[in-house]
Each structure stands twice: as C-alpha cells, then as structure tokens.
Amino acid sequence: MFEWRDGSCFPRVLAAVNVALACIDGVIALFAFSQVLIRIHSRSRQLGWTRQKVFHLMIGSSNVGLNMGD
C-alpha cells in the first residue's frame, strides 16, 4: 500500500495530516482537562488544592506523558 520514499515509509502528506490530527487532539484534550479542573474548583467548597484536584492533575499529566512518548 505504501512504498518506501526518501527514507521513510509514509508520504509527507500523510505524515503531515497525522501530525495535524494529533495536535488537534491534544488541544481538545487540554481544553477538556482544564474544564474538569475548573468545574471541580467551582463546585468544591474547599479552596486550594484538594485530593481530587491533585488526583485529576496526576492522571492528566501521566496521560500527556504517555501520549508524548508514543
């Protein structure tokens, strides 16, 4: 299906589309994660960092690290 061109498996157009979609996905994920933190902060009666906020921040940062490593 794909042939070897210029030392890579995929055509540049396909690689560019893949990178663009990954960037769009990252922006959507960042927006959703910030919405979660804002919603938790607005509903929580405690000010500052609660266990729930720290837990969500840890999960989000580990997912970002996992996705950047792939």
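Preceding block: the structure.
Residues numbered from 1 in each chain as written. Predicted model: local features only at pLDDT ≥ 70, side-chain atom pairs only at ≥ 80, totals over all residues. Heavy atoms only, no water.

**Q** For this particular structure, what's the right way to read the overall build of the protein?
**A** When helices and strands are tallied, the protein shows 2 helices and 0 strands. Split into buried and exposed, the 70 residues of the protein put 7% on the buried side. Summing over all exposed atoms, the protein offers an accessible surface of approximately 6400 Å²; the carbon and sulfur share of this is 66%. (Helix = DSSP H or I, 4+ residues; strand = E, 2+ residues; numbered from the N terminus. Buried < 20%, exposed > 50% of the residue type's maximum accessible area, 1.4 Å probe, protein only. Areas by Shrake-Rupley, 256 points an atom, 1.4 Å probe, with all protein chains shown as cover.)

**Q** In this structure, what is going on with a nonpolar patch on the surface? I would like to understand it.
**A** Judged by side-chain polarity, Trp 49, Val 54, Phe 55, Leu 57, Met 58 and Ile 59 come together as a nonpolar surface patch covering roughly 600 Å² of accessible area. Summarising the element assignment, Met 58 is placed in helix α2 (residues 51–69). (Patch = residues over 30% accessible without salt bridge, like charges linked within 9 Å, V, L, I, M, F, W, Y side chains within 5 Å. Salt bridge = Lys/Arg side-chain N within 4 Å of Asp/Glu carboxyl O.)

**Q** I would appreciate a short explanation of the environment of Lys 53 in the present structure.
**A** Following the sequence through the fold, Lys 53 ends up in helix α2. A residue is classified by how much of its surface remains accessible, and Lys 53, at 4% relative accessible area, is buried. Distance from Lys 53 to Val 36, taken between C-alpha atoms, is 9.1 Å for residues 17 residues apart in sequence.

**Q** Would you mind going over the environment of His 41 with me for this structure?
**A** Structurally, His 41 is set in helix α1 (residues 12–43). By relative accessible area, which is 42% here, His 41 ends up partly exposed. C-alpha of His 41 to C-alpha of Gln 52: the two residues are 11 residues apart in sequence and 9.7 Å apart in space.

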